[in-house]
Amino acid sequence: MRPRVADDLADCIAVLTAVHEDGGYPVNWPARPADWLTPRSLLSAWVAELDGRIVGHVVLSHSDEGDVAPGLWQARHKGAGAAAVVNRLFVSPAARGRGIGAALLERATCEAHARGLHPVLDVVASDTAATALYERLGWELLDVVEQRWGPDRTVSLRCYAAHSS
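Below is a summary of the structure that appears in this document.

1. What to know about the packing of aromatic side chains
Here is step 1 of the chain: For the structure shown, the criterion picks out 3 aromatic pairs.
Here is step 2 of the chain: Over the face of the ring belonging to W36 we find R88, whose NZ or CZ atom lies 4.3 Å from the ring centre.

Right, dumping it as structure tokens:
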């Protein structure tokens, strides 16, 4: 695992494409995938490599419009400090089952803590593999909320916070 650099974006998009074709993440394919992988609120991004090839990705960012978990975290843990959002987490279908997703999640969590922030995330409730990962790793379910993703689409989001130590 290492910090992502600009030259990694094409390979990250290729992996993201495979993930989208395999399981539908992200639900709404971005018009500009490189921009989607590099949100304005970005704090840090990492890639995971296997045999010299990028097979996973994660971003840590400040809260952005549409992020639900940070507000839920603040409401539940008044005075606990600000939250950081773990997002853009994906692993190549060919590399799953090797602990890469957990390692990427741990890296982002450690970085959030090092910055004095508490890691949170939102995930589409239908992504059962992701929710199983977060729950297996002890992430706290804050709430399940409905969010409008366009004029004709509402999705259920499961909002999580890393386990408080």
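2. Considerations on the sheet that holds strand β5 (residues 118-124)
Here is step 1 of the chain: Reading across the sheet, the 7 strands line up as β1-β2-β3-β4-β5-β7-β6 and stay open at both edges, with mixed pairing between neighbours. Edge positions in the sheet fall to β1 (2-3) and β6 (140-148), since each has one partner strand and no second.
Here is step 2 of the chain: Along the sheet face, helix α3 (residues 69-76) touches β4 (83-91), β5, β6 and β7 (154-161) and points at about 135° away from the line of β6.
Here is step 3 of the chain: Where helix α4 (residues 100-114) meets the sheet, it contacts β2 (42-50), β3 (53-61), β4 and β5, and its direction lies at approximately 160° from that of β4.

3. A look at the pattern of salt bridges
Here is step 1 of the chain: For the structure on display, the rule yields 8 salt bridges.
Here is step 2 of the chain: The salt bridge involving E49 is made with R2; its shortest N-O contact spans 3.1 Å. Of this pair, E49 sits in strand β2 while R2 sits in strand β1, placing them 47 residues apart in sequence.
Here is step 3 of the chain: Judged by its relative accessible area of 38%, E49 falls in the partly exposed class.
Here is step 4 of the chain: Here R76 ties to E140 by a salt bridge, and the two come within 2.9 Å at their closest N and O atoms. Of the two residues, R76 sits in helix α3 while E140 sits in strand β6, which places them 64 residues apart along the sequence.

4. Points about the environment of A84
Here is step 1 of the chain: Mapped onto the elements of the fold, A84 is located in strand β4.
Here is step 2 of the chain: The class of A84 is buried, set by a relative accessible area of 0%.
Here is step 3 of the chain: Along the primary structure A84 and A130 are separated by 46 residues, whereas in three dimensions their C-alpha atoms are 18 Å apart.
Here is step 4 of the chain: Each residue touching A84, except ones within four places of it in the same chain, is listed here: L43, L60, S61, A112, L117, H118, P119 and V120.

5. Let's talk about the nonpolar core
Here is step 1 of the chain: Within the largest apolar cluster, 26 residues are counted, with the highest numbers of intra-cluster contacts made by V86, L104, L121, Y134 and W139.
Here is step 2 of the chain: Of all the secondary structure elements, the ones that give two or more residues to this core are β2, β3, β4, α4, β5 and α5 (128-136).
Here is step 3 of the chain: With 6 residues, the top contributor of residues to this core is α4.
Here is step 4 of the chain: If near-sequence neighbours (up to four positions away) are discounted, V86 is found in contact with V58, V59, L60, L105, A108, P119, V120, L121 and W139.

The rules behind each value
Residues numbered from 1 in each chain as written. Predicted model: local features only at pLDDT ≥ 70, side-chain atom pairs only at ≥ 80, totals over all residues. Heavy atoms only, no water. Phe/Tyr/Trp six-rings, centres within 6.5 Å; stacked < 30°, edge-to-face > 60°. Lys NZ or Arg CZ within 6 Å of the ring centre and 35° of its normal. Pairing = 2+ DSSP bridges. Helix = DSSP H or I, 4+ residues; strand = E, 2+ residues; numbered from the N terminus. Contact = heavy atoms within 4.5 Å. Axes fitted to C-alpha atoms, helices over the stretch in contact; angles between N-to-C directions. Salt bridge = Lys/Arg side-chain N within 4 Å of Asp/Glu carboxyl O. Buried < 20%, exposed > 50% of the residue type's maximum accessible area, 1.4 Å probe, protein only. Core = buried A, V, L, I, M, F, W, Y, C linked by side-chain atoms within 4.5 Å.

Note that every value here comes from positions in space, so none of it alone points to a role or purpose.
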